[in-house]
Amino acid sequence: EALAAAGHTSAELFVAGGATRSDMWLQMHADVTGLPVVVCECPDGPMLGCAVLAAAAAGQHNGDVHTAVHNMVRVKRRLEPSPAKKALYDIVYHKYKQLAPALRPLEPFFYSSLPLTTTSAIPATSTPTLPPSSSVAVASSSSVCASVIIAPSLLACDWSDIQSAVAECEAAAAAGGGDVWLHIDMFDGVAIDSPHALTFGPQMVAAIRKKTKLALDVHLVVDRPLRYVEALAAAGADRVQLQLESFQDAEQLLHVAAALRAVNVSVGVCIAPGTDVSALKDILSKCADDGGWMVSLINVLGVNTGFGGQKFQQQTLDKIRQVRLLISQIRASPTLPDEPQTHSNEGTAG
């Protein structure tokens, strides 16, 4: 794209170096670009380039570099692109171009060592938002990011054509490259006091479940969450994230979490940008049961709940580190099982 923007067009790609030893890499680049990939007899690009320039400088091939290239760069094999795979890659690439600006500020965090004192993996997840809103989670071990979870928010799609948005997510999941969840924001306009914060309900979750096998991740911010537990389980929700600030205390939140676990629904807890990490201490200290932790995910929000168009709050990155440290400290208790994952809803929300 950069070359095309500069006025250069390519009919094929010549590849040299170690990449020529991987048929998968070569075919992937043919499919991604939609251009044939050509491998030369001499796979050493720098050496071949020097030989071409030296030959032209010595007067060979009429002293013309273009003629020297034509005569000296001999094709060994050619891989043709697959139009079907190109179409799938285009879907992923289109989303990548939207997501990349939100991810760039997070790169130092992704590749830095985090304050863990264990050899077991505690995925720290970030969920930057696809414009105008969605989630991305990057799971990591103690020092290196291992996998990517993409959780596009259906709140951001065209509500008159949600089925197409679900199908697009299915196609992205089929193309590979990470796990894909569907994030469904369920707000009642009461817990978030606004007539504009009225979104989906269990019926919509059930309708979406009929159209996909992807994990359904429900962000529940409602006035009386307990009454939605059985309805969401019956609708096919895989995970329900509870908004910490919509509960009076840790006991009330954990009561709802236990009810969700009882109907085989995973539980997460979201913490707003303005809430101190210490507010999680009681919840994490008390959330262990005989089967493990009632809460399996902590979502550190990078924007305020309920509305699009917000800018990512940079302090979220440090807050993730604080949550991870808190988890490792609480986990040090010999009576507690393995800890929940740490997730963050990061990036620029639309």
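Calculation criteria
Residues numbered from 1 in each chain as written. Predicted model: local features only at pLDDT ≥ 70, side-chain atom pairs only at ≥ 80, totals over all residues. Heavy atoms only, no water. Pairing = 2+ DSSP bridges. Helix = DSSP H or I, 4+ residues; strand = E, 2+ residues; numbered from the N terminus. Axes fitted to C-alpha atoms, helices over the stretch in contact; angles between N-to-C directions. Contact = heavy atoms within 4.5 Å. Patch = residues over 30% accessible without salt bridge, like charges linked within 9 Å, V, L, I, M, F, W, Y side chains within 5 Å. Areas by Shrake-Rupley, 256 points an atom, 1.4 Å probe, with all protein chains shown as cover. Salt bridge = Lys/Arg side-chain N within 4 Å of Asp/Glu carboxyl O. Buried < 20%, exposed > 50% of the residue type's maximum accessible area, 1.4 Å probe, protein only.

Caption draft 1: Focus on the sheet that holds strand β2 (residues 37-40). Across the sheet, three strands lie side by side as β1-β2-β3; this open sheet has mixed pairing. Each end of this open sheet is capped by a strand with a single partner; those strands are β1 (13-15) and β3 (75-79). Here the average twist between neighbouring strands, direction ignored, is 30 degrees. Relative to β3, β2 runs antiparallel, the two sharing four bridges. Residue pairing across strands places valine 38 opposite arginine 78, the latter belonging to β3. In this fold helix α2 (residues 23-33) packs onto β1, β2 and β3, with an angle of close to 60 degrees to the strand it touches most, β3.

Caption draft 2: Up close: a nonpolar patch on the surface. A contiguous nonpolar surface patch, about 220 Å² in accessible area, is contributed by Trp25, Met28 and Val32. Note that tryptophan 25 resides in helix α2. Tryptophan 25 gets classed as partly exposed once you look at its relative accessible area, which sits at 31%.

Caption draft 3: Highlighting unusual backbone geometry. The backbone of histidine 61 shows a phi angle near 55 degrees, a positive value even though the residue is not glycine. Checked against the element boundaries, histidine 61 lands in the loop between α3 (45-57) and α4 (65-72). The backbone of asparagine 264 shows a phi angle near 65 degrees, a positive value even though the residue is not glycine. One can find asparagine 264 in the loop between α10 (250-262) and β10 (266-271).

Interpretation note: all reported values are geometric properties and have no functional meaning in isolation.
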